[in-house]
Amino acid sequence: MNIADELIAQPVHERESAVIHYLVKAFQPVLFMDDNDEMPMDISIFELGVSSLSAQKLMQQIEDDLGFRIDTTELYNNPTISKLSGHVYSALFDSAINHDDRASQIENRSMVDELLSKL
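Numbering of residues starts from 1 in every chain and runs along the sequence as written. Whole-chain, interface and lining totals are the exception, using all residues; otherwise, since this is a predicted model, local features are given only for residues with pLDDT of at least 70 and side-chain atom pairs are given and counted only at 80 or more. As a convention, hydrogens and water are excluded, and side-chain values are obtained from all of the structure's heavy atoms.

Quick look at the environment of Glu38 now. Each helix is a run of H or I in the DSSP string that is no shorter than four residues. Each strand is a run of E no shorter than two, and both are numbered from the N terminus. Here Glu38 shows up in the loop between α2 (15-27) and α3 (52-66). For every residue, the accessible area obtained with a 1.4 Å probe (protein chains only) is divided by the maximum for its type, and the residue is called buried under 20%, exposed over 50%, and partly exposed between those limits. By relative accessible area, which is 74% here, Glu38 ends up exposed. Separated by 14 residues in the primary sequence, Glu38 and Val24 place their C-alpha atoms 9.3 Å from one another.

Laid out in structure tokens, this is it:
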């Protein structure tokens, strides 16, 4: 299961925080932060020290992880974790794919795998 599937499989009430958590984890190494550091949610990542080159590389990693393209202008137009998470959330959950059906398929696949492993 890839990261996008893991996010989609989250209960609806936990999806937004899961997207934020994913983005925080993605940005921490670039900002030389660890789990003990609090990520500022509403301060521009560029003010925090992310270079444009690092931002490009990070967007590529996020695209690879989530399986869809994020226009670089989105990062420059939404340079905070808070705003970027809203864009990522919309791209994941407002897509043409019915995410509830996809999450059900993932859950059903997991149950089938579990049952088959018991045979």
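Taken as a class, soluble globular proteins show a tendency for nonpolar side chains to be buried jointly. Note on terminology: a nonpolar core comprises buried Ala, Val, Leu, Ile, Met, Phe, Trp, Tyr and Cys residues joined through side-chain atoms within 4.5 Å. In terms of nonpolar packing, the biggest core is built from 28 residues, with Leu23, Phe27, Ile62, Leu66, Val88 and Leu92 touching the most fellow members. Those elements that provide at least two residues to this core are α1 (3-8), α2, α3 and α5 (81-93). Examining the composition of this core, we find that seven residues originate from one element, α2, more than from any other. Beyond its immediate stretch of four places on either side in the chain, Phe27 contacts Met39, Ile45, Val50, Leu58, Ile62, Leu75, Ile81 and Leu84. Contact criterion: two residues are considered in contact whenever any of their non-hydrogen atoms come within 4.5 Å of each other.

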